[in-house]
Every structure is written in C-alpha cells, then in structure tokens.
Amino acid sequence: MAQQPIILGVDEVGRGPWAGPLVVGAVILGPDFSPENIAQHQNTKKFQLYQDLTDSKKLTAKKRETLAPLIETHALASATGWVTTHELDQYGLSASLKLATRRAIKQILATKSPFTEIIIDGTINFLQNTPLETKVTLLKKADTLIKEVSAASIIAKVARDAYMTKIATQYPAYGFEKHVGYGTALHKSALLEHGICPEHRTSFRPIREIIAQNQQNCTKTNQNTHNYHISTHKSPHFPTPPTNSQKGKTAELVVARYLQAQNHTIISHNFKTKFYEIDLISIKNHQVFFTEVKYSQNPDQEGTALVRVTPEKQRQMHFAAQAFLATHSEYTQLQPLLAAASVSGGDYQIQDWLILE
C-alpha cells in the first residue's frame, strides 16, 4: 500500500482589504490526522478538530477562534508569514504574496517537521524558483477540500483579525474591529471624513481615489481660508496674547522663509489628509522635503524638534508624504525626505532644521 502523503497546507488572508497586513498560514497536521488514524479515534479532540476543519470563511468568528489554538496545539507544525502594509505598498501584491508565503514556510522548515507535498490554495505557485517548487500542488478551493489548507486559512484569518482589532484602539475612527480593513460602506465613509491612517494601502486604487478626493476638498478649503504669500508674510502683531495655533502658524512661516533662503521652493503649506498634516513641503536639488515644524516657548524645558518628533509621529509623516506623492505624480521622481524644524521664543528664532532619515 502506498505511503500516505504528509501535506503542508498553505493559504493567504488579506489579499483584498484596503488596510492592514497580508498574512499567509502554513500547517502540517501530520500522520496522526490521516483518515485512517482519525477514523480509529472518533472520541478524541483531534477527531473533532479534523471534522470541523473547513474554509475559514464558512466558519463563524467564534468557531475560528476556538479552532485556531487547537490547530497550533495538535498540528505537527504551524506558522504565519506576514507582510506589512508598508511592504505591500512598496513591493506590490504579487511579490508580497510570495514574500509572506516564504516567510511562513521558512518557519515551518525551522521546525524540521517532515512533509512530502505542499498544497497551495489557488493557481499561483508562490514557491516558484525555490528548492521547494517541485513539491507544490496548486488546487482551487483547497481551503475547503484539504484539511491542512483549511487549518492554514483559519490560523491566518484569526491572527490577522486579532491584529486589526488591536489597531482599532489606535485608530478608532475607522471601525477596523468591524470590517478588518475590507472596503465596506462604513470604512469608505470614515476615510472620506478622516482621510487615511498609516495602515491604509496607498497603492490600492480605492485608497488613491479617496486620497485624491480628500485632497481636492482640502485644496478648496485652503483656497478659501488662506490668502497670503509666504515670501512676503511678516510675523503678525497680535493685539492679544497669541494662541498656540497662531504661534504654530507663525513658526511655520518663519521656517518657510528660512527654507526659501536656502533655495528651497515651497510647493505646499499645511498639506492635510484630514487625519494627518504636513506643515511644509519643499523641493531642492531633485529632493522633496516634508517638514514638521515645532514651536516652543522654552526649548530647554520642552525639547528640540528631534526629541518632540517621536517615531510614531515620523510614521504618520511618512504616510502623509505617501498620500501627497500618490496625488502629485509630478514629484514622484524626486527623493522624498522627512525633516523637522525647531522654532522658539517670542521672537521666533529657528533653533535647527534637520533631516530625519
């Protein structure tokens, strides 16, 4: 009798959402889950697990969350491979699917668990041009037909949903815990109201269209509310003590004049995505600079721009910069750089302007 194959099942979750990572699951159930062995142990947890395994989309969230830890406990090996939103935008969907698959497989190989065949759900061999290429079988609907692939789809789905629920607390405006990044009416409405956040896939057409629409709205707003030229603007005299907002605007104009003196061309002031904002965007020598301006009355107490522009703020700046470039193709050939400026005191003196990356 022919030896029963040991299957490594592979499936992806998160190909189509507008936000969040791409996750690939990989599972070897092992010889204990062969039909013959399972049939002899019908009263065990493994038997019940085997019976319940099917395409993750056919299961309730509660059922998936029950099955995922059982898979990780009883399978011979299991792993998930992740590609972040930033990587997906950088490499594209096809390359990201290959990368996530190979990251998952790398973890499986590290366990040294045996397998004789790899079954990937779908029609594309993400392990092409690797030593494992010849072990791959492609099968449509494999997540319904092959238990190992079903298990892979479940652990990937549960892991990704948990991640999206976690970031929903960081970005509560979008309802990620409800749609986990997919293009629902609720999600689109939130995007039109708040713009994008760092988890949105700016390389996806629906997000690019929303960025463009929001930028058009913001441009109209700015045209109606800002009617001055940076090159001729003087620091205003406030009849009453200036507000923090007025101080910040004055500091931005001081930095803009400084950059112009350094042969920068200012191309945008207060570029908004509604959710995030870049104070100044300028170009010089085939580079485009995205500058965050920080004003402080007392820099010794409040800290310099380098200290105050935290890693999280830099991440926000990065995605706002991406949003700008996505709607201004004429600048995409320039090298993008993030920068920060410190302005302090009642006389608005520039302390420093520095490149962050």
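Residues numbered from 1 in each chain as written. Predicted model: local features only at pLDDT ≥ 70, side-chain atom pairs only at ≥ 80, totals over all residues. Heavy atoms only, no water.

Q: Would you mind going over the sheet that holds strand β2 (residues 22–28) with me for this structure?
A: Sheet strands pair by backbone hydrogen bonding; their relative direction is either parallel or antiparallel. Pairing in this open sheet of five strands is mixed, and the strands run β3-β2-β1-β4-β5 from one edge to the other. Each edge of the sheet is formed by a strand with only one pairing partner; in this case those strands are β3 (77–83) and β5 (136–139). Averaged over all pairs of adjacent strands, the angle between strand axes in this sheet comes to 20 degrees, irrespective of strand direction. Taken together, the six bridges between strand β1 (residues 7–13) and β2 define a ladder with antiparallel strand orientation. Looking at the pairing, glutamate 12 lines up with valine 24 of β2. (Pairing = 2+ DSSP bridges. Helix = DSSP H or I, 4+ residues; strand = E, 2+ residues; numbered from the N terminus. Axes fitted to C-alpha atoms, helices over the stretch in contact; angles between N-to-C directions.)

Q: Before we go on, may I ask you to explain helix α7 (residues 147–168) in this structure?
A: Because an α-helix packs 3.6 residues into every turn, residues spaced three or four apart end up facing the same way. Taking 1.5 Å of rise per residue, the 22 residues of α7 would be expected to cover 32 Å, and the 32 Å separating its terminal C-alpha atoms lies within 8% of that figure. By the criterion of burial, α7 is predominantly enclosed, with 16 of the 22 residues buried. (Expected span 1.5 Å × (residues − 1). Buried < 20%, exposed > 50% of the residue type's maximum accessible area, 1.4 Å probe, protein only.)

Q: Before we go on, may I ask you to explain the pairing of strand β9 (residues 335–344) in this structure?
A: The two faces of a sheet get side chains in turn, since along a regular strand they alternate between them. A large share of β9 lies buried, amounting to eight of its 10 residues. By the bridge criterion, 10 bridges tie strand β8 (residues 287–296) to β9 in an arrangement that is parallel. Its bridge partner being in β9, lysine 294 is matched across the sheet by serine 342. Where β9 meets strand β10 (residues 349–355), six bridges bridge the pair, whose relative direction is antiparallel. Bridged to serine 344 within β10 is glutamine 349. Following β9, the chain reverses through four residues before pairing antiparallel with β10; glycine 345 in that reversal takes a positive phi of roughly 80 degrees.

Q: Quick question: what am I supposed to make of unusual backbone geometry here?
A: As a rule of thumb, non-glycine residues mostly have phi less than zero, and peptide bonds are mostly trans rather than cis. Of note, the phi angle at asparagine 129 is positive, near 65 degrees, even though the residue is not glycine. Here asparagine 129 shows up in the loop between β4 (117–121) and β5. We classify asparagine 129 as exposed; its relative accessible area is 70%. In this model, asparagine 263 sits at a positive phi of 70 degrees, which is unusual for a non-glycine residue. With respect to the helices and strands, the residue asparagine 263 is situated in the loop between α11 (244–261) and β6 (265–272).

Q: Looking at this model, I keep getting lost on helix α3 (residues 61–74). Mind explaining?
A: Spanning 14 residues, α3 covers 20 Å between terminal C-alpha atoms, matching the ideal 20 Å at 1.5 Å per step. Here α3 has its buried residues at Arg64, Leu67, Ala68 and Ile71. Summarising the contacts, the buried residues of α3 are in contact with β2, α2 (45–52) and α7. (Contact = heavy atoms within 4.5 Å.)

Q: What's the story with the side chain of threonine 101 in this structure? I'm lost.
A: With respect to the element layout, threonine 101 can be found in helix α5 (residues 93–110). For threonine 101, a relative accessible area of 1% corresponds to the buried category. At 2.8 Å, the side chain of threonine 101 forms a polar contact with the backbone oxygen of leucine 97. Excluding anything up to four places from it in sequence, threonine 101 contacts Val10, Val24, Phe126 and Leu127. (Polar contact = N/O pair within 3.5 Å; in protein donor to acceptor, adjacent residues only side chain to side chain.)

Q: Explanation requested: the packing of aromatic side chains in the structure shown.
A: Using the criterion set out here, one finds seven aromatic pairs in the structure. When the centroid spacing of 5.4 Å and the interplanar angle of 20 degrees are considered together, the rings of tyrosine 174 and phenylalanine 176 count as stacked. Grouping aromatic residues by their ring pairs yields a cluster made of Phe271, Phe290, Phe324 and Tyr331. (Phe/Tyr/Trp six-rings, centres within 6.5 Å; stacked < 30°, edge-to-face > 60°.)

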